[in-house]
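# Observations on the model geometry
Here is what each chain is made of, one letter per residue.
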Amino acid sequence: MTGDEALATLRAAYDDRLGEAKRRKAAGSTLIAYFLNSVPIELIVAAGLDPIRLAGDPGRRAAIADRYMEDYMDGEVRSIFGSILTGAFDFADLLVIPRSSEVYLQLYYFLREMPEWEPDAKIPPTYLFDLLQAPHWLSARYDVGRMRAFAERLAVLGGQSLTEDALRDAIRLVNRLRRALQDVAALWRGGDPALDGVDALKLIGAASVLPPTEAIAAIEAILADPPGPLGRAGPRIMLKGSPQSDPHVTRLIVEAGGVVVAQDHVAGDPTFRALVAEDGNPWEALATHYQRHIPGPRVHPQSEQDAHFIALAKEARVDGVIFFHDEWDDTLGWEYPDQRALLEAEGIASVFMKRQPYFDPPITEQGATIRNFVASLTRETVQ
Amino acid sequence: MNAVNRVPDSERMAATVAAQAYQKAGQQQFREDVIVGGAPYVIADAVTPHEIFHTLDIPVISLPWYSAIISAKQLSPYYFGLMDQLGYHDGLPRYGSLPFMTTLDNDPERAPYGGLPKPLMILERLRGDFGQKIGEQWARAFGGVPLVALDSSAQTALGKNWSGRNQHGWEELYEPHRLDFQVEQLKSVIALAEGLSHRTLDPVEFRAVMHRVNQAGEQVERAKRIIARTRPAPVSLPEQLTNIMAATWNRGTQWAVDHLTAYCDELEARAAKGIGACPNERIRLLWGNNGLWFNTGFYRAFEEKYGATFVWSMYSNFFSDGYRKYFGEDEDPLRALAARHISMNEQLHLPGWMAEWIIEQARDYQVDAAVMLVPIGDRMSSFGTRICQLALEKAGIPTLALTASMVDARLWDNDAMIRKVEQFIEDRVLP
């Protein structure tokens, strides 16, 4: 596989998650579909099952979802809810919903309620993975218990008990994927990027759509046969905030002359920041990883998260940060004043795009804000 | 414009006057002991184990209580303006953030009761995603106090009839693995509170506190039976709130038990004499979801014209249905306390449980229609309202949704809201 072919494979997987899922289902996979970055796919792999991360799509909105779900729910969750009710995710043998965000917990409860209201809806079996993320020993112990309960459910689906050896192998495999992503990130974070922000977002996203072995093969192929530098000289931008479940904002930055060198959200660079410890008790290692070392709205203390944010901004040598928050954000906005102050201390400019709609985004206004910001950075660079 | 209807003292129930006097005395005591005397106190979220601190004789300032006070004193516009100035965007949660803003403002002349001094700890339960974010900044603004963030495990199955299983069948209802975890968290809170305050939690007193909460809840159940069966209702909703909430925030005290007993005695006497809050009562309304704290007079705005009176809100008898947890003398009261707060959010704000309970209350109180507050700026409290509204309508109870902030008076157009409810009454409720 050449680098170009590998990149095409990853782009295709990102662009058509549902097509990719159906392809594998048709090939005989038992598909464990999940949301967000907080479901331990190591357990799914160790059980001999096939993990695939699903996401919302601003282009996929169902009126049936709006009948039951409040407008104030995140657009991504409303999109997912509608997709489930209309059967778009009916290929899943199990839908795993993590409790790492309140709105996803609500999604789980809304789905549990639906058989009474929509008895004909083909809702796949759902499973709540009750991950707690307070930085406490007690929470870690609770998470070990929930991991074991999840493993038992997967064992029923997989027809075999999950062994500790299989779990260790799975941890090593998924760590290999994370290492490959860490290595390939140089292609968008480096001095003269070879991948633009849109491709970076797609590559990161596709790594959790494809089976880990296929994702590793594709990324290693790109590393072995990388594209040439893009030769773009615009300001280096970090996009931060709400998860980007489609590339339209990234594309607007690129079109405005910015070079997107980092994505700091739960669908971006932090997803592969940390590895799971390969020594010691694998259950405790997994629990610690998902409790403390993945990005997410409930992970704290905030000072640790902010330190990672500033470290990424420095590593990627960003000139400016675009804070992009969902229309109904009730969480990230609490971080913003401190994060803005941290950037100011580093001499890094920022712009705040707050309360951005998920469905039917105001592309013209968004583009104007982004163009003005990128232009202001360009002037500073020239001066 | 905002209307705040004050009922003259002469027309209030004796219990209401007593509850207000008790709270006023408590505030004075707080001022003397804590603000002047430097005694320890705790800032705590509503769904946290205040009972531990009541047993330790450490005052608790409840977040929603202080938010409601700020709001009732019409101070919310000022603090929300401050929030904007500091860079917190205007879509962020309003209900829990008002008390935090009084600390950032650091103006004791403006803040209710002279503002909150440095607490022993801030106690949060991580229901939503942002509690720890506010808590961390607030703890820092106080110059560094412990933030105790109780992690919030999730109920995996919502069975039917929670209110019927909740008082005696809580072990099974709330899932043993969750209760195990919550008990361990509570032990940590006790150890920290004892260490910081140099006091010891007396197990005998703690058990007594837990029994008294159940006893107080029994009186709230008694109040429900009186109000539900008596037409016209012998008490207005604002007075219900004053009496029940004063006891809720002081639960576990003998005062709460005695006060609610006296409140029920007075309700019975009023019922016997035919004294009604709305003598021309013709329509009974239910207020769904959180209270409208800056304008409780709104609940009475439809009495004169339509004989329409609100007889229930979730505070009317959540104390009886949600708080009571019975346990035997050979059982651990800490596990019963763990069960108390572990799923309150699900009971009040989740589609299935919320709708089921509210419909049950609507039938018990013989209500004709419901008005459902859909809070803006506090979206967690809005979740489930749409399905709840559908469920109420399916049960034959006409329902109007009012979208408004619970605490931000700036976003409330009183005349427009009154017109909406009047239109609803005329179109869907009047015979």
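Look up a bit, the structure's there.
Report on the accompanying structure. Every value quoted in this text rests on a predicted model; they were computed, and no experiment measured them.

### Things to note about the overall build of chain B
- For chain B, the helix and strand inventory stands at 19 helices and 8 strands.
- Taken over the C-alpha trace, chain B has a radius of gyration of 21 Å; the compact-globule value for 431 residues is 22 Å, and the two agree within 12%.
- Across its three principal axes, chain B shows a C-alpha extent of roughly 60 × 55 × 45 Å.
- In chain B, buried positions account for 55% of the 431 residues.
- Across chain B, the fraction of contacts at a sequence separation of at least 24, relative to all contacts at a separation of at least 6, is 78%.

### Digging into the packing of helix α5 (residues 75–85) of chain A against helix α6 (residues 102–117) of chain A
All names here are of chain A.
- Look at α5 against α6: their axes get within 10 Å of each other, and the N-to-C directions meet at 25 degrees. As far as their axial angle goes, α6 and α5 are roughly parallel. Like other packed secondary-structure pairs, α5 and α6 cross with a definite hand, here right-handed. Facing α5, whose interface residues are V77, I80, F81, I84 and L85, α6 presents V103, Y104, L107, F110, L111 and M114.
- For the contact of α5 with α6, the per-class residue count stands at 11 nonpolar, no polar and no charged.

### Examining the sheet that holds strand β1 (residues 42–44) of chain B
Residues and elements named next belong to chain B.
- Spatially, 4 strands are ordered β2-β1-β3-β4 in an open sheet, and the strand pairing comes out parallel. Each end of this open sheet is capped by a strand with a single partner; those strands are β2 (60–62) and β4 (147–150). Across the sheet, the axes of successive neighbouring strands diverge by a mean angle of 20 degrees, strand direction being ignored.
- As defined by bridge partners, β1 adjoins β2 across 3 bridges and the pair is classed as parallel. From the neighbouring strand, I43 faces β2, where its bridge partner is I61.

### Topic: helix α8 (residues 164–184) of chain A
All names here are of chain A.
- End to end, α8 covers 30 Å across 21 residues, agreeing with the expected 30 Å (1.5 Å per residue, within 8%).
- Looking only at α8, the buried set comprises L167, A170, I171, V174, L177, A180 and V184.
- Among the structural elements, α3 (41–46), α9 (186–189), α10 (197–206), α11 (212–224) and α13 (282–292) are those in contact with the buried residues of α8.

### Some details on the sheet that holds strand β5 (residues 283–288) of chain B
All names here are of chain B.
- Strands sit in the order β6-β5-β7-β8 across an open sheet of 4 strands; the sheet is parallel. Edge positions in the sheet fall to β6 (308–312) and β8 (399–404), since each of these pairs with one other strand and no more. Averaged over all neighbouring strand pairs, the angle between strand axes comes to 30 degrees, with direction disregarded.

### What about helix α12 (residues 254–273) of chain B?
All names here are of chain B.
- Between its first and last C-alpha, α12 extends 29 Å over 20 residues, near the 28 Å set by a 1.5 Å rise per residue.
- Listed as buried for α12 are A256, V257, H259, L260, Y263, C264, E266 and L267.
- Contacts made by the buried residues of α12 are with α1 (14–36), α10 (203–229) and α11 (237–249).
- A positive phi of about 75 degrees marks G274, the residue just after α12.

### Considering the interface of chain A and chain B
- Taken together, the 39 residues of chain A in the interface contact 36 residues of chain B.
- Contributions of two or more residues to the side of chain A that touches chain B are made by α6, α7 (137–158), α15 (336–346) and β8 (349–356) of chain A.
- Taken together, the residues that form the side of chain A that touches chain B break down as 17 nonpolar, 9 polar and 13 charged.

### Describing the environment of L192 of chain B
Residues and elements named next belong to chain B.
- Of note, L192 is situated in helix α9 (residues 176–197).
- For the pair L192 and M121, spaced 71 residues apart in sequence, the C-alpha separation works out to 9.2 Å.
- Not counting chain neighbours up to four residues away, the residues in contact with L192 comprise M121, P146 and V148.

### Structural notes on the packing of α10 of chain B against α12 of chain B
All names here are of chain B.
- It is at 9 Å that the axes of α10 and α12 come closest, and there the two elements cross at 15 degrees. Of the possible angle classes, the one that applies to α10 and α12 is roughly parallel. Our pair here, α10 against α12, has a crossing hand that is left-handed. Where α10 abuts α12, its residues R212, Q215, A216, Q219, V220, R222, A223, I226 and I227 lie against Q254, A256, V257, L260, T261, Y263, C264, L267, E268 and A271.
- When the residues that make up the contact of α10 with α12 are grouped by side-chain class, the tally is 12 nonpolar, 4 polar and 3 charged.

### Some points on the environment of E284 of chain A
Residue and element names in this part refer to chain A.
- Tracing the chain through its elements places E284 in helix α13.
- Classification of E284 as partly exposed rests on a count of 15 C-beta atoms within 10 Å.
- Measuring from C-alpha to C-alpha, the distance between E284 and L131 comes to 13 Å, with 153 residues separating the pair along the chain.

### So, the nonpolar core
- A33, L107 and I253 of chain A together with V42, L285 and A370 of chain B are the most contacted members of the largest nonpolar core, which has 253 residues in total.
- Ranked by residues supplied to this core, first place goes to α10 of chain B with 9 residues.
- With sequence-adjacent residues up to four places away left out, I253 of chain A is seen in contact with G197, I237, L239, G258, V260, I322, I370 and V374 of chain A.

About the thresholds
- Once a new chain begins, its residue numbering starts again from 1 and follows that chain's sequence as written.
- Chains and ligands are labelled sequentially in the order written, the chains with letters from A and the ligands with numbers from 1.
- Where local features are concerned, this predicted model is filtered to residues with pLDDT of at least 70; where side-chain atom pairs are given and counted, the filter is 80 or more; whole-chain, interface and lining totals use all residues.
- Numbering of helices and strands runs from the N terminus; a helix is a DSSP stretch of H or I covering at least four residues, while a strand is a stretch of E covering at least two.
- In this description the radius of gyration comes from C-alpha coordinates, and the expected globular size is given by 2.2 Å times residues to the power 0.38.
- Exposed residues have 12 or fewer other C-beta atoms within 10 Å of their own C-beta, buried residues have 20 or more, and residues in between are partly exposed; the C-beta atoms are placed from the backbone.
- By definition, residues are in contact whenever their C-beta atoms, placed on the basis of the backbone, come within 7 Å of each other.
- Only the stretch in contact is used when a helix axis is fitted, and all axes are lines through C-alpha atoms; the angle between N-to-C directions ranges over 0 to 180 degrees.
- Should an angle fall under 35 degrees it is taken as roughly parallel, and over 145 as roughly antiparallel, whereas 65 to 115 is taken as roughly perpendicular and any remaining angle as oblique.
- The crossing is said to be left-handed when, going from far helix to near helix, the turn is anticlockwise and less than a right angle, and right-handed when the turn is clockwise.
- Under this grouping Gly is polar, as are all residues other than the nonpolar Ala, Val, Leu, Ile, Met, Phe, Trp, Tyr, Cys and Pro and the charged Asp, Glu, Lys and Arg.
- Strand pairing follows a simple DSSP-based rule, namely that at least 2 bridges must link the two strands.
- A helix is expected to span 1.5 Å multiplied by its residue count minus one.
- In this usage, the nonpolar core is the set of buried Ala, Val, Leu, Ile, Met, Phe, Trp, Tyr and Cys residues whose C-beta atoms join them within 7 Å.

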